[in-house]
Amino acid sequence: MQGVAARSSGLAQVLKATARIVPSKVEPLGAAVIQESLPFIEKPASKTHSNYALASQLPPSGFLNPRVMSGIGVSCQYRLAHTDLQVPDFDYYRKAPKEADDSIEGDNNRKAFTYLMLAGAGAPALYGTKTVITQFVSSMSASADVLALAKIEINLDEIPEGKNVTFKWRGKPLFVRHRTAEEVDKEAAVDVGSLRDPQHDTDRVKNPEWLIILGVCTHLGCVPMANAGDYGGYYCPCHGSHYDASGRIRAGPAPLNLEVPYYEFVEDNLLVVG
Amino acid sequence: MAALFGRTARQALCRAPNGVCCQQKANFSFKKLSTGKKVGLGLLGATTAGAVSVGAALQYSVSAMDLILHPPHLPWSHSGVLDSLDHASIRRGYYVYKQVCAACHSMDFIAYRELVGVIFDEDEAKAEAAEVMVKDGPDEEGKMFERPGKLSDRFPNPYENEEAAKAANNGALPPDLTYIVKARHGGEDYIFSLLTGYCDPPAGVDIKEGTYFNPYFLGGAISMAQALYNEIIEYEDGTPATQSQLAKDVCTFLKWTSEPEHDIRKRYAIKFFALMALITPLAFWYKRFKWSVVKSRKIVFKKY
Amino acid sequence: MSLVSVVYKSVFRRSSTFALAIVAGAFGFERIFDPTCDAVFAYINRGKLYDDCKATFAAQGGAEEE
């Protein structure tokens, strides 16, 4: 002790005057004590081993019996040598010996139970995760108001024979043409091999009486005029593409036939496009 | 620097309190004071407390916000955590809205398609939509035209625009009713109380021309006249159309318009609670199982 | 050898089969859980949901059309 004190010099003396190490359950030695210590009263060993019970066996801390002191202006360092602490007894956590079954069968049963519990929690958790993810992913699909506009219902009774009617569908013009019998015969008789975009008339209509096409010229997207042009179908005023009464490109710069959207006849006179 | 600060702070915390402060504590006592000083101190304390109380009272004096009758909580059939809306009531409320409220109030954010599966089947909703004329266009000649409504159309607005609505209602704008239950304190309780709470103004309250007294309305003077009376419409299901019945049904309908997801939400609530009731005990058991190894191990230190 | 041991040895012991069992369990769970919860909801709110009111609505709709 004296040696330590003597070697300390300058700032070190201010920081720490002495250091001592004492057995934890023993009253501090008297040698370098600056403050008075109360005698330490040993408590009987606790039966339980909770944090609180174990901590209460340590010397009490307080301003007369500090547990740790260090730093500027502190006179004494007080350390506990934990050599005399007993290892706590953990039997409290262990299974009772009679429950323990050391056979392979018993081991398997215990493991099966554990894994069953894990699977029992895992399956519902997986289901919940899947439900939440589905919700988020489906929020990326088209919203209900967009879907409501995606379909158009057309009453075919209002379109007389030989007439082409334009509807607005998904922001584009939609042509619905009630073809005459002559037009149907004429388009069906066209030699497919002579076409720029070979497609037979029967492939373009579900009911030969009705031609349903998008009114967007495949050249640069103008809207063709109905019942015009050299082939009796459509004529694009922008760059002079001629389409026939099946919407197929016959002359001019356009590369492809007019597009046929998905449609179906719900009833005899009701057409649903989209 | 931080280390130095931490060290200083810790040192201050760990330092054993010396005797001086205990001595000071002992010195601070009223015992040694004379009686006069004691009385003086007491008076000073009482005066301070009084001044603070007066200040606080003035601070929270009566404000205009308090001059309003708060609506009572009503036992709605959808109040419970797992209670759905009463769809028969929504349907009656829709007719009340259509025949009474829609004369002045818009409902811009509800489309006819949303009624399908709630109060109408698809054909009924189509017929309902076809009753109104909707402005559409432009057509091939660039003109707007009117056509019968479709499922994708929203409820018609009784006025062209806000200015027209104001001009027709003495300068007061009838609010859009779609989210009105969410937009007012008290929700459907408030709407119900407002619709049924019209009464004569008490003595001393002046009500201007064109406004009406309603104790539930902020300020008391509301520009909307009483709209619901007994038997103003006839319910198709034979429910007696009393004023409170009409108000209750229209409130349920407005609750639905402001929360169309209400029933789905509560359906999910059941699933959520059931799922959590299943998973939580299992998760706790599994935690205990995993920790049992950590908690019951012995660490033995050996000397070599 | 008990059934539990068989299940343990054939399914739980290997991580791949165990994970598969959980996925399969999730599918089975969904098939039971969803209808059960919906039935509970329908029971709590019987008489109030659209499905319960549909029949009366249809009758009223006819009366109104006239």
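Everything quoted here is computed from the prediction, not taken from an experiment. Sequence order as written defines the numbering, with residues in each chain counted from 1. To label them, take the chains in the order written and letter them from A, then take the ligands in the order written and number them from 1. Side-chain atom pairs in this predicted model are given and counted only at pLDDT of 80 or more, local residue features only at pLDDT of at least 70, and totals for whole chains, interfaces and linings cover all residues. The side-chain values count all of the structure's non-hydrogen atoms but skip hydrogen atoms and water molecules.

Student: Outline the packing of aromatic side chains, supporting the account with residue identities and numerical values.
Tutor: All names here are of chain B. Each Phe, Tyr or Trp ring (for Trp, its six-membered ring) is paired with any other whose centre lies within 6.5 Å, and the angle between the two planes then decides the class: stacked below 30 degrees, edge-to-face above 60, tilted in between. This model, assessed by the stated rule, comprises 26 aromatic pairs over all chains. One aromatic cluster is present, built from ring pairs that chain together Tyr94, Tyr95, Tyr97, Tyr112, Phe120, Phe155, Phe253 and Trp256. Lysine NZ or arginine CZ positioned within 6 Å of the ring centre and within 35 degrees of the ring normal marks a charge as sitting over the ring. Over the face of the ring belonging to Tyr235 we find Arg92, whose NZ or CZ atom lies 5.7 Å from the ring centre. Over the face of the ring belonging to Tyr268 we find Lys271, whose NZ or CZ atom lies 5.6 Å from the ring centre.

Student: Break down the state of the cysteines for me, citing the residues and quoting the values.
Tutor: All names here are of chain A. Cysteine sulfur atoms that pair up within 2.5 Å are treated as a disulfide. As enumerated under the stated definition, the model contains one disulfide over all chains in all. Between the sulfur atoms of Cys222 and its disulfide mate Cys238 the distance is 1.9 Å. Between Cys222 and Cys238, the S-S torsion sits near -100°, and that sign places the bridge as left-handed. Taken together, the positions of Cys222 in the loop between strand S6 (210-214) and strand S7 (225-226) and Cys238 in the loop between strand S8 (232-236) and strand S9 (241-244) put the pair 16 residues apart, joining distant regions of the chain. Owing to a relative accessible area of 18%, Cys222 belongs among the buried residues under this scheme. Secondary structure elements are taken from DSSP: a helix is a run of H or I of four residues or more, a strand is a run of E of two residues or more, and numbering for both begins at the N terminus. Type-normalised accessible area, obtained with a 1.4 Å probe on protein chains alone, sets the label of each residue: buried when under 20%, exposed when over 50%, and partly exposed for intermediate values.

Student: Now, about the interface of chain B and chain C: what can you tell me, with residues and values included?
Tutor: We call two residues contacting when some pair of their heavy atoms lies within 4.5 Å. Facing the 26 residues of chain B at the interface are 18 residues of chain C. Two parts placed together each lose some accessible area under a 1.4 Å probe, and the buried area is that loss summed for both. Of the roughly 1,900 Å² buried at the junction of chain B and chain C (both faces included), carbon and sulfur atoms supply 62%. Of all residues in chain B, Arg267, Ile270 and Lys271 of chain B give up the largest surface area on contact with chain C, accounting jointly for 27% of the area buried on that side. What makes a salt bridge here is a side-chain nitrogen of Lys or Arg within 4 Å of a carboxyl oxygen of Asp or Glu, nothing more. Across the pair Asp34 of chain C and Lys271 of chain B runs a salt bridge whose closest N-O atoms are separated by 3.2 Å. Here a polar contact is recorded for every N or O atom pair within 3.5 Å, except that within protein the pair must consist of a potential hydrogen donor and a potential acceptor, and residues adjacent in sequence are included only if both atoms are side-chain atoms. Connecting chain B to chain C are ten residue pairs in polar contact (both at pLDDT 80 or more). When residues of the side of chain B that touches chain C are assigned to their parent elements, the largest contribution, eight residues, is made by helix H10 (residues 262-295) of chain B. Classifying every residue of the side of chain B that touches chain C by side-chain character gives eleven nonpolar, four polar and eleven charged. Residues are grouped as follows: Ala, Val, Leu, Ile, Met, Phe, Trp, Tyr, Cys and Pro are nonpolar; Asp, Glu, Lys and Arg are charged; every other residue, Gly included, is polar.

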